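Listed below, chain by chain, are the residues.
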Amino acid sequence: MIRHAEQTQGLNEIAQESEKQGLLLMGKIANQDRKAFEDLYFGYTPRIGRFLMKLLKKRELVDEAVNDVMLAVWQQAGRYDPAQGKLSTWLFGIAHNKGLKLLERQRRHQCEETFLSQSSPSENGQEPSGVDAEWIGSDNPERTVMGWEMGEHLLWAMELLSLEHRTVIELAINEQCSYQEIALITDCPVNTVKTRMFHARKKLAELLASKDYP
Amino acid sequence: MNLKNSDITIPVALGSFFPQNLEESALMNRKADDGHGIVAELLPWYVNGTLGSKEQEWVAGHLADCPKCRVELEQYQQLSSVISNNTETPDWQPSPAHFGQILSALDAEENGVIRNVAVVKKPSFLGQCADWLQAQAKPLVWALALETIVLAALVLFVVLPRLDQQTSGQTVFQTLSDAHAPTVAGLPRVHIVFADDIMIGDLRLLLVSVNARLVDGPSKLGVYTVELATVGNPDATALAIATLRKHSKVKLAEPVHP
Ligand SMILES: [Zn+2]
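Along each chain, residue indices are assigned from 1 in the same order as the chain's sequence is written. Each chain is given a letter, starting from A, and each ligand a number, starting from 1, according to the order in which they appear as written. Given that the model is predicted, a residue must reach a pLDDT of at least 70 before its local features are reported, and side-chain atom pairs must reach 80 or more before they are shown or counted; all residues, however, enter totals for whole chains, interfaces and linings. As a rule here, side-chain values come from all non-hydrogen atoms in the structure, and water together with hydrogens is ignored.

Here's the deal with the overall build of chain B
Alright, step 1. Secondary structure elements follow DSSP: runs of H or I no shorter than four residues count as helices, runs of E no shorter than two count as strands, and numbering proceeds from the N terminus. A count of helical and extended segments in chain B gives nine helices and four strands.
Alright, step 2. If you list the helices and strands of chain B from N to C, you get α-α-α-α-α-α-α-β-α-β-β-α-β.
Alright, step 3. Three labels apply to residues, based on accessible area from a 1.4 Å probe with only protein chains included: buried if under 20% of the type maximum, exposed if over 50%, partly exposed otherwise in between. The buried share of chain B, reckoned over its 258 residues, is 41%.
Alright, step 4. Summarising the internal contacts of chain B: among those between residues at least 6 apart in sequence, 64% fall at separations of at least 24.
Alright, step 5. Throughout, the Shrake-Rupley method with a 1.4 Å probe supplies accessible areas, and for residues the shown protein chains are the sole cover considered. When the accessible surface of chain B is summed, it comes to about 13,700 Å², and 57% of that surface belongs to carbon and sulfur atoms. By the convention used here, residues are in contact when the closest approach between their heavy atoms is within 4.5 Å.

Overview of the coordination of the zinc ion
All names here are of chain B.
Alright, step 1. Keep in mind that water is not among the atoms, so a site may look incomplete; donors are the N, O and S atoms within 2.8 Å of the metal, or 3.2 Å for Na, K and Ca. Distances from the zinc ion to its protein donors, His 36 (ND1), His 62 (NE2), Cys 66 (SG) and Cys 69 (SG), fall within 1.9 to 2.3 Å.
Alright, step 2. Labels for metal geometry use angle windows, namely 85 to 135 degrees for all angles of a four-donor tetrahedral site, and for square planar (four donors) or octahedral (six donors) sites opposite donors over 155 degrees apart plus all others within 65 to 115; sites meeting none of these are irregular. The coordination sphere of the zinc ion comprises four donor atoms, whose angles at the metal cover 104 to 120 degrees; the geometry is tetrahedral.
Alright, step 3. One chain supplies every donor to the zinc ion, and in sequence these donors are spaced H-x25-H-x3-C-x2-C. With His 36 in helix H1 (residues 36-47) and His 62 in helix H2 (residues 53-65), the pair connects residues that are 26 residues apart, well separated along the chain. In this pair, the class of His 36 matches that of His 62, namely buried.

A short note on the environment of B:Leu252
Residue and element names in this part refer to chain B.
Alright, step 1. By the secondary structure assignment, Leu 252 is in strand S4 (residues 250-255).
Alright, step 2. Residue class for Leu 252 comes out buried when judged on its relative accessible area of 8%.
Alright, step 3. Spatially, the C-alpha atoms of Leu 252 and Ala 195 are 9.1 Å apart, while their sequence positions differ by 57 residues.

Side note on the pairing of strand S1 (residues 189-194) of chain B
Residues and elements named next belong to chain B.
Alright, step 1. Counting buried positions along S1 gives five out of six residues, so the element sits mostly inside the fold.
Alright, step 2. Pairing between two strands requires that DSSP report at least two bridges joining them. As judged from the four bridges shared by S1 and strand S3 (residues 224-228), these two strands associate in the antiparallel manner. Paired with Ile 192 across the bridge in S3 is Tyr 224.
Alright, step 3. Where S1 lies against S4, five bridges are found, and the strand directions are antiparallel. Across the sheet, the residue bridging to Val 190 is Pro 255, located in S4.

Here we look at unusual backbone geometry
Residues and elements named next belong to chain A.
Alright, step 1. Phi at Gln 32 takes a positive value of approximately 65 degrees, unusual for a residue other than glycine.
Alright, step 2. Its place among the elements puts Gln 32 in the loop between helix H1 (5-30) and helix H2 (34-56).
Alright, step 3. Of note in the backbone geometry, Gln 176 takes a positive phi value of approximately 50 degrees without being a glycine.
Alright, step 4. Note that Gln 176 resides in the loop between helix H7 (163-174) and helix H8 (179-186).
Alright, step 5. On the accessibility criterion, Gln 176 (42% relative accessible area) is partly exposed.

Things to note about the nonpolar core
Alright, step 1. With 77 residues, the main nonpolar core has A:Ile29, A:Phe37, A:Leu40, A:Leu56 and A:Ile169 as its most contacted residues.
Alright, step 2. The biggest single contributor to this core is H2(A), with 11 residues.
Alright, step 3. Of all hydrophobic cores here, the second largest spans 16 residues; its members include B:Val190, B:Ile192, B:Ala212 and B:Ile241. We define the nonpolar core as a collection of buried residues of types Ala, Val, Leu, Ile, Met, Phe, Trp, Tyr and Cys that are connected through side-chain atoms lying within 4.5 Å of one another.

Re the confidence of the model for chain A
Residue and element names in this part refer to chain A.
Alright, step 1. The predictor rates its confidence in each residue with pLDDT, a number between 0 and 100. Residues of chain A with pLDDT of at least 70 account for 76%, and the chain-wide mean is 81.
Alright, step 2. Across chain A, H8 holds the top mean pLDDT of 97, while helix H5 (residues 133-137) sits lowest at 35.
Alright, step 3. Long-range and interchain partners of residues 119-148, a stretch whose pLDDT sits below 50, account for 45 contacts in this model, where long-range means more than four residues apart.

With respect to the side chain of A:Glu181
Residues and elements named next belong to chain A.
Alright, step 1. Looking at the secondary structure, you find Glu 181 in helix H8.
Alright, step 2. Residue Glu 181 is classed as buried on the basis of its relative accessible area of 14%.
Alright, step 3. Setting aside its immediate chain neighbours within four residues, Glu 181 contacts Lys 86, Thr 89 and Gln 176.

Comments concerning the pattern of salt bridges
Alright, step 1. A side-chain nitrogen of Lys or Arg and a carboxyl oxygen of Asp or Glu constitute a salt bridge if their distance falls within 4 Å. Overall, the coordinates contain 16 salt bridges over all chains when judged by the stated rule.
Alright, step 2. In this structure, A:Glu159 engages A:Lys57 in a salt bridge whose closest nitrogen and oxygen atoms are separated by 2.4 Å. Of the two residues, A:Glu159 sits in helix H6 (residues 148-160) while A:Lys57 sits in the loop between H2 and helix H3 (59-76), which places them 102 residues apart along the sequence. A:Lys57 shares its class with A:Glu159; the two are buried.
Alright, step 3. Between B:Glu227 and B:Arg213 there is a salt bridge, with the nearest N and O atoms lying 3.2 Å from each other. With B:Glu227 in strand S3 and B:Arg213 in strand S2 (residues 212-216), the pair connects residues that are 14 residues apart, well separated along the chain.
Alright, step 4. One continuous salt-bridge network, built from bridges that share partners, spans A:Arg47, A:Arg50 and A:Glu175.

Structure follows, in structure tokens:
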């Protein structure tokens, strides 16, 4: 887990090279180069999409959010300043912002629907709400290794975390972001990031303990 | 997903997953606790290798001397590996089709669709749409919705003449999915809206492939009219319209009702 110096050196070089490439692309995009725009799309959206999928859960919503992110990139490419952080951090920040807006819109829709139908299928908070059917129903062979119960419980517990807690966990664990990067992405102070992460872990532990995981 | 305790088999190896001493090393006591609290706070970034070299060294030094924090490190590593190995979330992948949608939204935005809609004189509904759209603070967020609305508005515009023709006392409901309505006298006509970046060569190829020719357009809304050489053959007309609709540079293709 703790990287050797040589390894770190190698990784740094790769990272620097990829930042250079990204910067080059952004320069071209700022000059309305659609080929560069396409390269950026195929190069960077797999990670952005994966992160958004964790937040938004539904492919259609992620399609829309990535769309919003890319349009923002097209219009604001000239404003990207590498001195402020990595390109991926900048992109994650936009993605986080667009994702939150879509979630807010969806929440408003759901409120209206609930109001109209006077019933909500997941009011007690015990069911993971808004999860794609394919997510739960899938016959995923990979989920046997750790025991699929754990996978389902983790999923359930993650669902019950607040959005802020879930976001910081995703960014730290699945996207390997530093706490400074998470602060930039979520637009909050570094101490808040650390505190959120701490409470998110604690909350996860409590939830899983309630399901008999000691 | 209904979770009942009776359904659960607890894997033994997972027993020590979660930090039991997290509470006692709480952040509030960080000064009094010889650094355990700070380590607890920094562990996630120590584990993902993103701490600065000073912090990294400091945490490593503390861990070397502190069995309590080493236990916590181990527990966090396990949690972290379960979360990163969690394959329950379906993946999202970029695709040429999705990128195509992005380009269309971008074109719509750059070609000032909002202004075009506002130019239309006749139906006040369109004016209202435009006003509403312009009232939105962030056109960016609405780019996709905007395109959908503009297309919907075009559809309305295209069917309006038909509605105008309805005789009093006899309401005619003509749905847009009616695939064909060939004229008796003339050739069947289709209203088409092309993507803005369609090349003239592609346009010609497309028209030749469905045996159609341009007879009118563009209107103020950018609608072209083409004539199909499929008179008296509804199946061929439907097929031609389907081919037009399938083309990536065709935004809308609707039969013109006589
Ligand atoms: Zn310690």
